[in-house]
Amino acid sequence: MKIYLELNGKQRYEEVAPGESLLSLLRRLGMKSVKQGCATGDCGACTVLLDGRAVRACTVFAPQVRGRRVTTLEGLGDVDDPHPLQEAFVEAGAVQCGFCTPGMIMVAYELLSRNDNPTPEEVREAISGNLCRCTGYVKIVDAILLAAKWKREGKWR
Amino acid sequence: MEVGLKRRSAVGKNVRKVDGLSLATGRPKFALDIDIPGALVGKILRSPHAHARILSIDASKAEALPGVACVLHCGNVKRIPFTTAGQGWPEPSPYDTVLFDSKVRYVGDQVAAVAAETEEIAEEALKLIKVEYEVLPAVLSVEEALAEGAPVIHDEEDSQGIYDAAHNIAAAVDIPVGDIERGFAESDVTVEEICEIPYSQHTPIEPHCVIAYFDEDGRLVLRTSTQVPFHVRRIVARALELPMERIRVIKPRVGGGFGSKQEVILEPVAAALALRTGRPVRMALDRSEVFISSRTRHPMRVRVKLGAKKDGTLHAIEMEATSNTGAYGTHALTVLSNVGSKTLPLYNKAPHLWFHGKAVYTNLPVAGAYRGYGATQGYFALEVAMDELAGRLGMDPVELRLKNHIRAGETSPIFEKIGEGREGVPMVVRSCALSQCLRVGAERIGWDEKRKSPRREGPWAYGVGMAVSMQGSGITGVDMGAATIMMNEDGSFRLLVGATDIGTGSDTILAQIAAEVLGVPVERISVYSSDTDFTPFDVGAYASSTTYVSGNAVLRAAQEVRRKALEVAAGMLGEPAEHLELADGKVISPRTGKSVTLSEVGHRATYVADQKHIIASASFVPAESPPPFAAFFCEVAVDTETGIVRVERFVATADCGVPIHPKLAEGQLEGAIVQGIGHALTEELLFSNRGRCLNANLFDYKIPSSLDVPDVEVVLVDSEEPTGPLGAKSIAEVGINGPLPAISNAIYHAVGVRLTRAPFTPERVLSALRQGRRLG
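Each chain has its residues counted from 1, running along the sequence as written. Each chain takes a letter, starting from A, and each ligand takes a number, starting from 1, following the order in which they are written. Selection of residues for local features in this predicted model requires a pLDDT of at least 70, selection of side-chain atom pairs for listing and counting requires 80 or more, and totals for whole chains, interfaces and linings are taken over all residues. With hydrogens and water excluded, all non-hydrogen atoms of the structure serve as input to the side-chain values.

> Even after reading the chapter, I still don't get the overall build of chain B, so can you show me in this structure?
Each helix corresponds to a stretch of at least 4 residues labelled H or I by DSSP, and each strand to a stretch of at least 2 residues labelled E; elements are numbered beginning at the N terminus. Along its length, chain B carries 20 helices and 27 strands. Relative to the globule expectation of 28 Å for 776 residues, the C-alpha radius of gyration of chain B, 27 Å, shows essentially globular dimensions. Along the longest, intermediate and shortest principal axes, the C-alpha atoms of chain B span 85 × 75 × 50 Å. Put simply, chain B has 776 residues, and 66% of those count as buried. Split by element, the accessible area of chain B, about 25,900 Å² in all, is 50% carbon and sulfur. Just to be clear, the radius of gyration here is over C-alpha atoms, and the globule rule we use is 2.2 Å times residues to the power 0.38. Burial classes follow relative accessibility: with a 1.4 Å probe on protein chains only, a residue under 20% of its type's maximum area counts as buried, one over 50% as exposed, and anything between as partly exposed. Here, Shrake-Rupley sampling with a 1.4 Å probe gives the accessible areas, and only protein chains in the shown set may cover a residue.

> Would you take a moment to explain the domain arrangement of chain B for this structure?
By a widely used convention, the size of an interface equals the accessible area lost when the partners come together. All names here are of chain B. What marks off one domain from the next here is an automatic or database domain assignment. According to the domain assignment, chain B consists of domain 1 (20–29 + 480–620), domain 2 (36–136 + 205–256 + 260–293) and domain 3 (300–475 + 624–771). Put simply, the middle of domain 2 and the middle of domain 3, counted by C-alpha atoms, are 35 Å apart. Contacts are residue-level and defined by heavy atoms, with any inter-residue pair within 4.5 Å sufficient. Taken residue by residue, the interface counts 25 residues in domain 2 and 27 residues in domain 3. Across the domain 2 to domain 3 interface the summed buried area is about 2,000 Å²; carbon plus sulfur atoms make up 59%. By definition, a salt bridge exists where a carboxyl oxygen of Asp or Glu is found within 4 Å of a side-chain nitrogen of Lys or Arg. Between the two partners, domain 2 and domain 3, sit zero salt bridges. Counting of polar contacts relies on pairs of N or O atoms within 3.5 Å, with two restrictions inside protein: one atom must be capable of donating a hydrogen and the other of accepting it, and residues adjacent in sequence are counted only when both atoms are side-chain atoms. At the boundary of domain 2 with domain 3, the tally comes to 11 residue pairs in polar contact (both at pLDDT 80 or more). With four residues, the single largest contributor to the side of domain 2 that touches domain 3 is helix α8 (residues 287–293). Partitioning the side of domain 2 that touches domain 3 into residue classes produces 10 nonpolar, nine polar and six charged. Throughout, buried area stands for the accessible area (probe radius 1.4 Å) lost by two parts on being put together, summed over both. As a working rule, the residues Ala, Val, Leu, Ile, Met, Phe, Trp, Tyr, Cys and Pro are called nonpolar, Asp, Glu, Lys and Arg charged, and the rest polar, with Gly in that last group.

> I would appreciate a short explanation of helix α5 (residues 138–152) of chain A in the present structure.
Think of an α-helix as 3.6 residues a turn; residues three or four steps apart then line up on the same face. Helix span, as expected, comes to 1.5 Å for every residue beyond the first. Here α5 of chain A spans 21 Å end to end across 15 residues, near enough to the 21 Å set by a 1.5 Å rise per residue. All of the buried residues in α5 of chain A are Val138, Lys139, Ile140, Val141, Ala143, Ile144, Ala147, Ala148 and Trp150 of chain A. In this structure, the buried side of α5 of chain A is in contact with α2 (84–91), α3 (101–114) and α4 (120–126) of chain A together with α18 (662–681) of chain B. Looking one or two residues past α5 of chain A, glycine 154 of chain A carries a phi angle of roughly 75 degrees, positive in sign.

> Sorry if this is basic, but what is going on with the domain arrangement of chain A here?
All names here are of chain A. Splitting chain A by domain gives domain 1 (2–75) and domain 2 (84–152). Distance from the C-alpha centre of domain 1 to the C-alpha centre of domain 2: 21 Å. Taken together, the contact between domain 1 and domain 2 spans 18 residues of the former and 12 residues of the latter. Of the roughly 1,200 Å² buried between domain 1 and domain 2 on both sides combined, carbon and sulfur atoms contribute 65%. It is Thr47, Leu49 and Leu73 that lose the most area in domain 1 upon contact with domain 2, and together they represent 40% of the buried surface on that side. The interface formed by domain 1 and domain 2 includes zero salt bridges. If you look at where domain 1 meets domain 2, you find five residue pairs in polar contact (both at pLDDT 80 or more).

Right, here's the structure in full:
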């Protein structure tokens, strides 16, 4: 079947299979930031925004996003024009292997869109569904708090 | 050192991680982030039995399924014994593995592989392969494996290097120093502890994956998530009888490894499927396969007996390790050796030592390299025993460590006795700030006060515990890293390393070392790792080697490039090179004040006069393996009603020499400690009585989430390692050895029971509380 969706601000009309996951669709469309860590909804590496809310793309069927707005990490910024959250992750040393990073940034984006002054505990709560095996989470929490500070200071676009 | 240690322009600074922004913006940098047109999908059929002989395989139905390109199995693939261990050569692990064997040795063992047009077809094809098994009695524990008359797991005739296959012993060690009996007889106090570590798994968030394809000349290219690209090339060449020059291995970004991607597991299968079909093949383990069929930590029982004088001086240490290597012996000997070699030198005051043990085959998943590499198992038992000893002596545990730990300028006979599966090399420790680590850590957590008065709030009992550890920096006389640096005509540089950044940040650290020597900002150095066609050799990312081994290679290459650039500048400035200085992208004559930029030097050398490429390569083999040291302090809360243990605080102080990039060094420690907390509290693979894994997913095998661990507090206590690149030693592994004993010791402080079987689950804590084992 073919569906309309809005992907990173652009209208797309794409062929999808009924049983296909959103994760598979997005990677097929070149959104390689969407990572497969488990395919069972446990690791959070494939987190994207669906109408602004963080979802695990492996647990959503592609046809379910018909007519909806999907944002992946590629939609936030790129190397030449990074989003402040992406900058903050580098600045704080929150990127080790970088495989969980896209999902972490997407949940952080959702958190900061609701609350630009979270406590460290609120940050830990927000990212608790996203597993990282490299960092011990310390610098990821730092990064999100730093990005929040920049947001409060009006440094976000 | 040629470059002044005082003036530091790049080293010791938190420069931007060179790949940080491209990772944070989701650039397609990982193995499977590229699409190769026409690629088939490879899948593996796995054994449902723990131990069975394959009587026949009928793949005809699978082969007939439309979209299936080929099926490989023991009936159509040549039998060549090899090891997947991914170590240097000659390999210390036995050649006890073939790609597709006529026998399976654990539930999840490789039976056949399929390449098909889609994943769905490949999975369908797996179901159509008919395998007739003769199920054999299985051995599912070390005790069963060692029992008289136990089934022999490796009864094949063509294996090489197994210690005693008939008795299921993959490897054994027996290292006596002094006279252990006399040592204990002369001791005033002796204690003995037995600690056990279960099956645990690395769980890198990126599963093992590879894409095999052919370049325009028909050479085989393996783009793979590996820690050891050069070993992959050598091992695939052996396993498939290919000439090495027909293989190119590319290591892109790697989504975590922790030892699991030192193993060469998927690459030979993908390569075999690609060669058979003549088409590209991509493969990825699914998460359950990562748990069951990649590699795990070696489950181990370690018995430690300590003898000490009344004043706390250690006099005798016996350590016995019984390691479960699972179905194959990869890293069996070397992990076992490390249990003693990375622990016993820490307490070098004891003249009488005995380290002995064996690594035993079972019909369970295959253990392999895992961060800590035996030291984690050894330190659990050693540091719990030290805590017990402190109690018996009425000494503060910190004081006991301060009294006994090795100092700079000292040695241990163990360095010479135990090496990488063979004898070691004598070594004097040249840098050690462990005393300072102990003092700083104790102060930071409030040790003296908290130790005096354990808190109690309702059912929650609070306690503090501590432990220390050391590791190494690379493998003495074995590891080799090489680097090439070339100068571009604009005065920027290209750094090519075989060293394998797997998320550790080694590309950044190596660029910093080069930048320091070459007098340019890190941004002027572009780093590339690793590609067997284009980068020089490096053993890869394991054994805490990269900063020290590869870093020293980069240092040497940079010094040579610097010398060559200064020679060209000397001709331009009309002064001898030794009178010139290099800084901020310029060569300056302090005498005349005249200078030329590196860009001018580069243009002249490239285009104008006496043209040559300013380029150099250098290799480094460590003559020593300087240990990093760490002290760990933690505070736990134990719910005496439910047995739940919460880690309230965790403080780690570490001496990694001069931290080249402090934030990356901290990140290594923080990550290692959180993995260690997982080992201590939740992580354990469970098996049915037929050897089937019961919790091979990230829901039931619980690694710590952000809510399960405190904000780990780390302090880097600098020392300066004279043999290190600009003073540095390693940091990657030392941190994982601390949490198990520190948390166990804190629980003891809180509630007076010793937890010696990891993980310390509520059931085990409650059961220990009921038995109420309180000593002293």
